[in-house]
Structures are given as C-alpha cells and as structure tokens.
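Listed below are the residues making up each chain.
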Amino acid sequence: MTPAARLSAAIEVIEAIDNQRVPAAKALKEWGTAHRFAGSGDRAAVSGLVYDMLRRQASSAWIMDDDTPRGRLFGMLRLERGMDTDAIASLCDGSRFAPGPLTDGERQALTSRSLLDAPAHVAGDYPEWLDPYLIEAFGDDRAAETAAMARRAPLDLRVNTLKAKREKVLGSLRHLGVTATPWSPFGLRIMLGADARNPGIQAEEEFVKGAVEVQDEGSQIAALLSGAKPGEQVIDLCAGAGGKTLTLAAMMQGRGRLIATDRDKRQLAPIHERLSRAGVHNAEVRTPKWEAEPLSDIRESADLVLIDAPCTGTGTWRRNPDAKWRMRPGALDIRLKDQAEALDRAVAFVKPGGRIAYVTCSVLPQENGEQILKFIDRHSDFRVIPPSQTASVLWDKTDDFLAAVYLSDEGLLMTPRRTGTDGFFVSVMRRQG
Ligand SMILES: C[S@@+](CC[C@H](N)C(=O)[O-])C[C@H]1O[C@@H](n2cnc3c(N)ncnc32)[C@H](O)[C@@H]1O
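Residues numbered from 1 in each chain as written. Predicted model: local features only at pLDDT ≥ 70, side-chain atom pairs only at ≥ 80, totals over all residues. Heavy atoms only, no water.

The name given to the protein in an unreviewed UniProt entry is MFS transporter, with the source organism recorded as Nitrobacter vulgaris. For the protein, the Sequence similarities (unreviewed entry) comment in UniProt is given as "Belongs to the class I-like SAM-binding methyltransferase superfamily. RsmB/NOP family." (UniProt positions renumbered as here; feature names shortened; annotations may be inferred.)

And the structure:
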C-alpha cells in the first residue's frame, strides 16, 4: 500500500470506531480481515496512524477545527508527526486510494491554527469531565502532565535476574536497539517508531528461555519499592497475569514463600506458564473456588502483601489511548470500592511488623493518597513508611528518583513526564507491633 492508501485505511478504521463504538483493536482486526492483501508493514502503519490519532484526538480536532475522522487524522499528522501543510497535501493528491485533496479550509487550519488558546483538556488530550480530578492531581501542570501521557510509549523489558544479567541481555538484544532504562536495575528499553511495528520480542531466544519479560519500568519500580526480600513470606493479592509476581520472585532469589492469587480466576490463567518460563520454584498460585477465601489458612503471618490494585488505569493512557476516551465517571466509583475491599482483605494476612504495598497505575488522588488516608483511618495500626525510605532500594538512583517523582506523606507518584514511565502510585505501610 502507498502511504496515501494507508491514510485512507486509517480514516476508514476511525470511522468504524466512531460509528460502531467498537474498541480500536477490534476495528483494526476487522479491517485486516477485510483487506487480506495488506501486509504486516501496512497493518503496523495503519495501526500506528490510528493509535497516534487516538492519543491526540482532542488536540488534533482543535487544530483542524474539524472533528471528523479525516480532520482528526490530518491534525495528528501535523501535531504528532510534525508534517507541514505541503507534506500532508502531497499525500492527498487525488490518486487512486488516496484521501481527497485538501480543502481550502483544511489548508488554512493546518497553516494557521495552534494550541496556544486551547483549554487544558484539549492541549492534554483527555475527557473534559476529568478536568477537576486532574486539577486536584497536578494543578496548573495538568496540561503538561497529560500531554506527556499522550505520547507514544517505549517497549520496556525486565531482565529476569533468576536467569540472566542485564549486561548480557543488552548484548544479545542489541539488534533491537535496546538500552538500559534509567531507574530500574533490571530494565531495558526499546523505542518504537511511528509505524508501531512490534519488534517481535516473544520470538527472541532470550524471551523464550525466560530471561526477559515485557514490563513497563514504572511497574518494575513499583514491585521493587515493596522491598520483598529472600526468605520472606510474600502474598501477591491481585496477581492477575503475574507481571509483579515475577518481579517479586526475582527479588526473592528463589528463597522464601510467594503466594499469588486474584479475586478473578480467569485473570490468573497466564501466570502458570509465565512462572514456569521464568524458572520460579517458590511460588504457589491459589486459584479461588466459589466464594471461599483461598488464603483462609494464612493468619497474620505474611511479611508483605502486595496489592496491585484494580484501578482506572489513567497512568497507562499512553499505551491504551482508546480506554482514555471510553472511561466513564461510574468506573472510578467501582474501582474505589474494589480498592478499599482489597486493602481491607489484606489486613488479616499481615503479621505485626509486616507491610502492605499498595500500587495503582492511576494518577488520580482519589485512588491513591486519599485511599491510603481512609485505610489508615479504618486500621490505625498501619503507618506509611516514608517514601524516601522506601525508594532507597534504588541505591545510587534514589536521590534523583525522589527529585523526579511527586512525593506526599502517603506515597509517591511516577508519571510519564516526571520519570518517563507509565503513571504509578506506590505506598508501603507497616503494621505496628
Ligand atoms: C492491576 S490488575 C493486576 C495486574 C497484575 N498484578 C500484573 O502485574 O500483571 C488488578 C487485579 O486485581 C484483581 N482484583 C480486584 N479486586 C480484588 C480483590 N478484592 N482481591 C483480589 N484481587 C482483586 C482483578 O481481578 C485484577 O486482576
């Protein structure tokens, strides 16, 4: 397909997303099925165009003064890909499969409009109803913070230190352009190009033999800050597919007891294969059966309970731009209830002197510090360990990291703008006694 034909295809997919209200991944899959002639490069390019547009949907419409799929796509080409009016016009030359030529209005908008007067929710590309929440989170910095959350994310990997050293994997994956991540001692990073082509990490020998996993650096740090140590009894209460469980296992170096569970057994399905590939031998997965508590035998004995809480996922918007626009106010209320429930559930398992590490991939204060304050109100025997102390696991990076994050009495918040990671909140609390 020509670059112009890929633009037409992207417009078609965006129309399907708008009109049929389907998720972007589904619309792209359906387009691929209906256009079997399109090769993998074409699919990656069309997908890159659609996702880049979704990340910048509001600002792209603003710059074009046009909310149509075509308008938003052209706005994105200007804002995200830095294309000028002539470059965009040359793709719309009226040739077969190309979008129709630029109108005078489109030319005018592309040449003269800017985001200077745009409100924060437009400049930062987020749903307007979230403005009060983001004011509470970031105040006047909200447009800058959310603009960073609307940039394309790199692909981050975690080297599994049970099986390999970062230096060695850096060498063997050099052909993918990997570099070390700035904070995590076991993180690697691959910058992704505009065509969003998947570097096929799952087919690499290092992945197949369990030496690397895909995991955002913020998620790696969140697990690190829990301070899990060899020999401890650690519970991963919201283990899901096991991203953090695998990090905890590596931190424990095969010593101690690691228990992974989740309220929803379906979420746990991939964890078994991942644990085995990673060479983890000290983990048990407790799959819930009916309504029974799968951890009923554990009474105030755990050194650490990690709660990787269900949340709105606002911290991962750069990876899920589609979810950003589909988020509804009711979703926040449901998550707040789930989070309080998971926190209260954890209490029964923690021994005196033990810790709860509470993690969200959200930037909203309601899900973060406010949730911690309410928990401590309900459970006065827990105290927050000062985040400056928690962050000391980052060794020589600690001071720079603490200067980068948002610090509060309740915990710390990483954001794409401050730490170059997804948005993650971490609070570690100790049970007195
Ligand atoms: C953010 S996801 C976990 C991601 C996973 N830890 C990872 O790193 O791949 C949150 C999980 O919490 C689970 N969950 C929600 N409420 C829960 C509760 N009260 N107790 C345990 N798990 C819960 C959900 O089913 C979901 O799998």
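There is more to say after this.
A. Structural view of the sheet that holds strand S3 (residues 187–190). In space, the 4 strands of this open sheet follow the order S2-S3-S1-S4, with antiparallel pairing throughout. Each edge of the sheet is formed by a strand with only one pairing partner; in this case those strands are strand S2 (179–180) and strand S4 (212–214). Two elements, strand S1 (residues 155–159) and S4, share 3 bridges in a ladder whose sense is antiparallel. Paired with Arg 158 across the two strands is Glu 213, which belongs to S4. (Pairing = 2+ DSSP bridges. Helix = DSSP H or I, 4+ residues; strand = E, 2+ residues; numbered from the N terminus.)

B. Focus on the pairing of S1. Judged by how many residues are buried, S1 sits mostly within the fold: 5 of 5 residues are covered. Residues Leu 155, Leu 157 and Val 159 line one face of S1 and the alternating positions Asp 156 and Arg 158 line the opposite face, and both faces are buried. In terms of strand pairing, S1 meets S3 through 4 bridges, oriented antiparallel. Note that in S3 the partner of Leu 157 across the bridge is Leu 188. (Buried < 20%, exposed > 50% of the residue type's maximum accessible area, 1.4 Å probe, protein only.)

C. Structural detail: the nonpolar core. If you look at the biggest cluster of nonpolar residues, it comprises 54 residues, and the most contacted ones within it are Leu 173, Phe 401, Met 414 and Val 426. If one sorts the elements of this core by residue count, helix H14 (residues 243–252) sits on top with 5 residues. Setting aside residues no more than four positions away along its own chain, Phe 401 makes contact with Trp 183, Ile 221, Leu 225, Ala 391, Leu 394, Leu 412, Met 414 and Thr 419. Ile 235, Cys 238, Ile 356 and Phe 425 belong to the second largest nonpolar core, which has 37 residues in total. (Core = buried A, V, L, I, M, F, W, Y, C linked by side-chain atoms within 4.5 Å. Contact = heavy atoms within 4.5 Å.)

D. Region of interest: the pattern of salt bridges. Applying the stated criterion across every chain, the model contains 41 salt bridges. For Lys 26, the salt bridge goes to Glu 30, with nearest N and O atoms at 3.1 Å. One end of the pair, Lys 26, and the other, Glu 30, are both in helix H2 (residues 24–34), 4 residues apart, so they sit about a helical turn from each other. Assessed through its relative accessible area of 43%, Lys 26 is described here as partly exposed. Of the charged contacts in the structure, one is a salt bridge between Glu 106 and Arg 70, with a shortest N-O distance of 2.8 Å. Of the two residues, Glu 106 is situated in helix H7 (residues 104–112) and Arg 70 in helix H5 (residues 69–79); the sequence distance between them amounts to 36 residues. (Salt bridge = Lys/Arg side-chain N within 4 Å of Asp/Glu carboxyl O.)

E. Region of interest: the packing of helix H1 (residues 3–20) against H2. Put simply, H1 and H2 touch, their axes get as near as 9 Å, and they point 130° apart. Our classification of the angle between H1 and H2 gives oblique. Relative to H2, H1 is oriented so that their crossing is right-handed. Between H1 and H2, the residues in contact are Ala 9, Glu 12, Val 13, Ala 16, Ile 17 and Gln 20 and Ala 24, Ala 27, Leu 28, Glu 30 and Trp 31, respectively. Residues belonging to the contact of H1 with H2 are distributed by class as follows: 8 nonpolar, 1 polar and 2 charged. (Axes fitted to C-alpha atoms, helices over the stretch in contact; angles between N-to-C directions. Parallel < 35°, antiparallel > 145°, perpendicular 65-115°, else oblique. Left-handed = near helix turned anticlockwise from the far one by under 90°. Nonpolar A, V, L, I, M, F, W, Y, C, P; charged D, E, K, R; others polar.)

F. Examining empty space enclosed by the protein more closely. By the definition in use, this model includes 1 cavity of 30 Å³ or more. The computed volume of the largest cavity comes to approximately 40 Å³. For the lining of the largest cavity, the elements supplying multiple residues, two or more each, are helix H19 (387–390) and strand S13 (424–431). Split into classes, the residues belonging to the lining of the largest cavity amount to 7 nonpolar, 3 polar and 1 charged. (1 Å grid on protein atoms, 1.4 Å probe; cavity = no way out; pocket = protein on both sides within 12 Å on 5 of 7 lines; lining within 4 Å. Points joined across faces, edges and corners; volume = space filled by probe spheres on them.)

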